[in-house]
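The residues making up each chain are set out below.
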Amino acid sequence: MSKRVLTTESGAPVADNQNSASAGVGGPLLLQDQHLLEKLARFNRERIPERVVHARGSGAYGHFEVTDDVTGFTHADFLNRVGKHTEVFLRFSTVADSLGGADAVRDPRGFAVKFYTEEGNYDLVGNNTPVFFIKDPIKFPDFIHSQKRDPFTGRQEPDNVWDFWAHSPEATHQVTWLMGDRGIPASYRHMNGYGSHTYQWTNAEGEAFFVKYHFKTNQGIRSLSSEQAAELVGQDPNSHQTDLLQAIERGVHPSWTLYVQLMPAAEAADYRFNPFDLTKVWPHRDYPLQRVGRLVLDRNPDNVFAEVEQAAFSPNNFVPGIGPSPDKMLQGRLFAYADAHRYRLGVNHTLLAVNAPKATTARNYGRDGLMAVNSQGRYAKNYEPNSYDGPVETGRPLSAPLAVTGHTGTHEAPPHTKDDDFVQAGELYRLMSEEERQRLVANIAGGLSQVSRDDVIGKNLAHFHAADPEYGKRVEEAVRALRED
């Protein structure tokens, strides 16, 4: 059987792929060596700007199967009957570090799911924690700058990390999650995923519900201590990538059960705290978990760059029956995520295989731009309406409208009876066992004791005292002990 011929990118056969053309034996190389120049030029351009956040990621394909009837709450087509399967792509990631960072670090984990539904792609972008550090997107660039490498030292600085948290009391709840046992998952397979934000479901009758997503791992929760993680990072910086890849390759397919919490839209205004605040959870006693289906990962990407690095998720990719809520952080991300991908990958990134719809065909009037392959033929028009049988609007909104009132301005969120930045952090602390509390306190003190300014330390200690007096006292004593050593 004859081998296929190696060619240049224009299709011409390559005569010699081992030796560059030169001016005589041992002479300087020739500018006319098209194959050499093409290889070097392409090599120089093999990398694209990495994500500002969530740069270090892993991913896999699989499917989602509906196991329970939720048609009373949403008319989303991919959830319309028990037993229905939808192909998915899931990307896991760390948040703060760069593309070359290690996997087993103390950091939230991204948990982004792309459902390739028959009504278009639905992207659910979340984390492995049900809450986040801030509640308004205007603070997001400042938050990320405080967590990333310092412009002068080139490393993550405790002074910057804790100074931002000192001025952001709403971060106390997420800090308690991050510094607790679940702050370093043992693998991507052994952690939960959450939509984190509040979204909206609308049923066929137009009735609206606010919804929170919970993906519970069927492998069980497993986490690493700081000491175990430090050892693992030294052994295999790609530990989570290795684990996911090898598990799927040997036929061990990780899975998660999807549950939702559902709040009738009419109840949101009078709920005891702002239900659209990303720094808070809805207690399960108020809105119990309701099972929806099962997500299974069973196929690794063939090319990590093409399918994981170029995968683009945006929470504004909704499908009929699902829409946004007044969650401020979600509202900001509806723009920011898609804009990040237009910068990194180009305006036509949705034409890439991993991002394109699979169960339907995208039909719109977008044309041209970098790497355009969307001309759609000589007779296709690029405006609407037209008289040439082009795609037309449906007139059916994806979700129920959100009521708005009042004057424009930079408003704080409307007050609810029990809005507080510390109550849920204290409740989380009191749910922990004594051993978990000891590790939590040690993890916080280990970072906070490195801060150079006493006033920054004091502001952070005040947050832990406000969450729970014992919590604050133990952190304060641990920090003092470390600083006196």
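Attention in this report is confined to the structure presented alongside it. Per chain, residue numbering runs from 1 following the sequence as it is written. Predicted model: local features are reported for residues with pLDDT of at least 70 only, side-chain atom pairs are reported and counted for 80 or more only, and whole-chain, interface and lining totals are derived from all residues. To get the side-chain values, all heavy atoms of the structure are used, and hydrogens and water are removed first.

Some points on the pattern of salt bridges
So the rule is basically this: Here a salt bridge means any side-chain nitrogen of Lys or Arg lying within 4 Å of a carboxyl oxygen belonging to Asp or Glu. Per-residue accessibility, obtained with a 1.4 Å probe over protein chains only, is compared with the maximum for each type, and a residue is labelled buried under 20%, exposed over 50%, and partly exposed between these values.
Tallying each qualifying case throughout the model produces 27 salt bridges. As a salt-bridge pair, Glu157 and Arg155 come within 2.8 Å of each other at their nearest N and O atoms. A relative accessible area of 11% places Glu157 in the buried class. When salt bridges with common partners are traced through the structure, they connect Lys135, Asp277, Lys280 and Asp421 into a single cluster.

Digging into the environment of Ala445
Cut-off, in case you're wondering: We count a stretch as a helix when DSSP gives it H or I for four or more residues in a row; a strand needs E for two or more, and each element gets its number in order from the N terminus. Residue contacts are defined here by distance: any two heavy atoms, one from each residue, within 4.5 Å place the two residues in contact.
The residue Ala445 is located in helix α10 (residues 434-448) in this model. According to the relative accessible area criterion, Ala445 is buried, its value standing at 1%. When neighbours within four sequence positions are excluded, Ala445 is seen to be in contact with Ala478, Val479 and Leu482.

Comments concerning the pairing of strand β9 (residues 290-299)
For clarity, the cut-off: Two strands qualify as a pair provided that DSSP identifies no fewer than 2 bridges between them.
Taken together, the six bridges between strand β1 (residues 57-66) and β9 define a ladder with antiparallel strand orientation. Looking at β9, one finds that Phe64 is bridged to Leu295. Bridge count between strand β8 (residues 255-264) and β9: six bridges; the pairing is antiparallel. Bridging from a neighbouring strand, Leu258 pairs with Gly293 of β9.

Here we look at the nonpolar core
Here is the rule: We call a set of buried residues a nonpolar core when its members are Ala, Val, Leu, Ile, Met, Phe, Trp, Tyr or Cys and they connect through side-chain atoms within 4.5 Å of each other.
In terms of nonpolar packing, the biggest core is built from 39 residues, with Phe133, Trp162, Trp165, Leu448 and Val475 touching the most fellow members. Elements represented by at least two residues in this core include exactly α2 (140-147), α3 (158-166), α4 (172-179), α9 (423-431), α10, α11 (454-467) and α12 (469-484). Once you skip the residues sitting within four places of it in the chain, Trp162 turns out to touch Val175, Met179, Ile444, Gly447, Leu448, Val451, Val456, Asn460 and Phe464. Counting 37 residues, the second largest nonpolar core, distinct from the first, contains Leu79, Tyr188, Met191 and Leu330.

Looking at helix α6 (residues 239-249)
Quick note on the threshold: Of all possible arcs, the one meant is that of the directions from the helix axis to the C-beta atoms.
Residues of α6 that are buried include every one of Ser239, His240, Leu244, Ala247 and Ile248, and no others. Looking down the long axis of α6, one finds its buried residues gathered within 150 degrees of arc, a one-sided arrangement. The inward-facing, buried residues of α6 abut β1, β2 (85-94), β3 (109-117), α5 (226-235) and β9. Two residues or fewer after α6 comes Gly251, characterised by a positive phi angle close to 90 degrees.

Brief notes about the packing of α2 against α3
What counts is decided by this rule: A fitted line through C-alpha atoms serves as each axis, taken over the contacting stretch for helices, and the angle formed by two N-to-C directions is quoted from 0 to 180°.
Running from N to C, α2 and α3 point in directions that differ by 145 degrees, and their axes come no closer than 7 Å. Side by side, α2 and α3 meet where Asp142, Phe143, Ser146 and Gln147 of the first sit next to Asn160, Val161, Phe164 and Trp165 of the second.

Focus on the side chain of Thr8
Take Thr8: it is sitting in the segment before α1 (34-44). When neighbours within four sequence positions are excluded, Thr8 is seen to be in contact with Val14, Gln34, His35 and Glu38.

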